[in-house]
Amino acid sequence: MTWDTLINKAWIARANAYAPYSKFQVGAAIESESGNIYSGCNVENLSFGLTNCAERVAIGAAIAEGAKKIIRIAIVADTNTPVSPCGACRQVMAEFGIQEILLCNRTEQILFTLDELLPRSSAGILNR
Ligand code: THU
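A brief report on the enclosed structure follows. (Residues numbered from 1 in each chain as written. Predicted model: local features only at pLDDT ≥ 70, side-chain atom pairs only at ≥ 80, totals over all residues. Heavy atoms only, no water.)

**Observations concerning the site of the ligand**
Close to the ligand lie Ser 22, Phe 24, Val 26, Asn 42, Glu 44, Thr 51, Cys 53, Ala 54, Glu 55, Ser 84 and Pro 85, which account for all nearby residues. Here an oxygen atom of the ligand sits 2.9 Å away from a polar atom, N or O, in the side chain of Asn 42. Here an oxygen atom of the ligand and a backbone polar atom of Ala 54 are 2.9 Å apart. The residue inventory of the shell around the ligand, partitioned by class, reads 5 nonpolar, 4 polar and 2 charged. (Near = heavy atom within 4 Å. Polar contact = N/O pair within 3.5 Å; in protein donor to acceptor, adjacent residues only side chain to side chain. Nonpolar A, V, L, I, M, F, W, Y, C, P; charged D, E, K, R; others polar.)

Right under this line is the structure:
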């Protein structure tokens, strides 16, 4: 599977974003270890604190469908510079073994490893 496939799925999911408060729409698509794709968009809430980011919605969908390990994720938004995941999402990515994270806007893509975005995540805990 190519990154382009994941990027396209992420843009499709972004179109469904529920973001009436921030007006900032985000899409994400992930590939599981077995090669399946799952996508997510941000889902906001009046309380603000209950907002779910696109990344965690996609990861939750994958786990609900039976995925055990997630290999990579593409995240898209219409930003000046490629959108970057929040700290909470980085920690959740660590939980499910995501190693490659592609940050995208309409014209640019930047690839990161999880360790670059969250150094020493779960060292000695999840992979002891
Ligand atoms: N958001 C995401 O869904 N993913 C990110 O990587 C950045 C931020 C959402 C949360 C909120 O709905 C809106 O974007 C503004 O922060």
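**Structural notes on the sheet that holds strand S1 (residues 26–32)**
Strand order across the open sheet formed by 5 strands is S2-S1-S3-S4-S5, with mixed pairing between neighbours. Only two strands of the sheet have a single neighbouring strand rather than two, namely strand S2 (37–41) and strand S5 (109–113). On average, adjacent strands in this sheet sit at an angle of 20 degrees to one another, irrespective of strand direction. The sheet contact formed by S1 and S2 spans 5 bridges and is antiparallel. Bridge pairing in S2 links Gly 27 to Cys 41. Where helix H2 (residues 54–64) meets the sheet, it contacts S1, S2 and strand S3 (70–77), and its direction lies at approximately 140 degrees from that of S2. (Pairing = 2+ DSSP bridges. Helix = DSSP H or I, 4+ residues; strand = E, 2+ residues; numbered from the N terminus. Axes fitted to C-alpha atoms, helices over the stretch in contact; angles between N-to-C directions. Contact = heavy atoms within 4.5 Å.)

**As for the side chain of Glu 55**
Of note, Glu 55 is situated in helix H2. Leaving out residues up to four positions away in the same chain, Glu 55 has contacts with Ala 28, Ile 73, Ile 75, Pro 85, Cys 89 and Met 93.

**A short note on helix H1 (residues 3–14)**
Because each turn of an α-helix spans 3.6 residues, side chains separated by three or four positions end up pointing in the same direction. Between its first and last C-alpha, H1 extends 16 Å over 12 residues, near the 16 Å set by a 1.5 Å rise per residue. When we look at burial in H1, the residues that qualify are Trp 3, Leu 6, Ile 7, Ala 10, Trp 11, Ala 13 and Arg 14. Across the axial projection of H1, the buried residues extend over an arc of 160 degrees, all falling on one side. Relative to its buried face, H1 has exposed residues pointing more than 90 degrees away, namely Asp 4 and Ile 12. Here the buried face of H1 lies against S1, S2, S3, strand S4 (100–104) and S5. (Expected span 1.5 Å × (residues − 1). Buried < 20%, exposed > 50% of the residue type's maximum accessible area, 1.4 Å probe, protein only. Arc of directions from axis to C-beta.)

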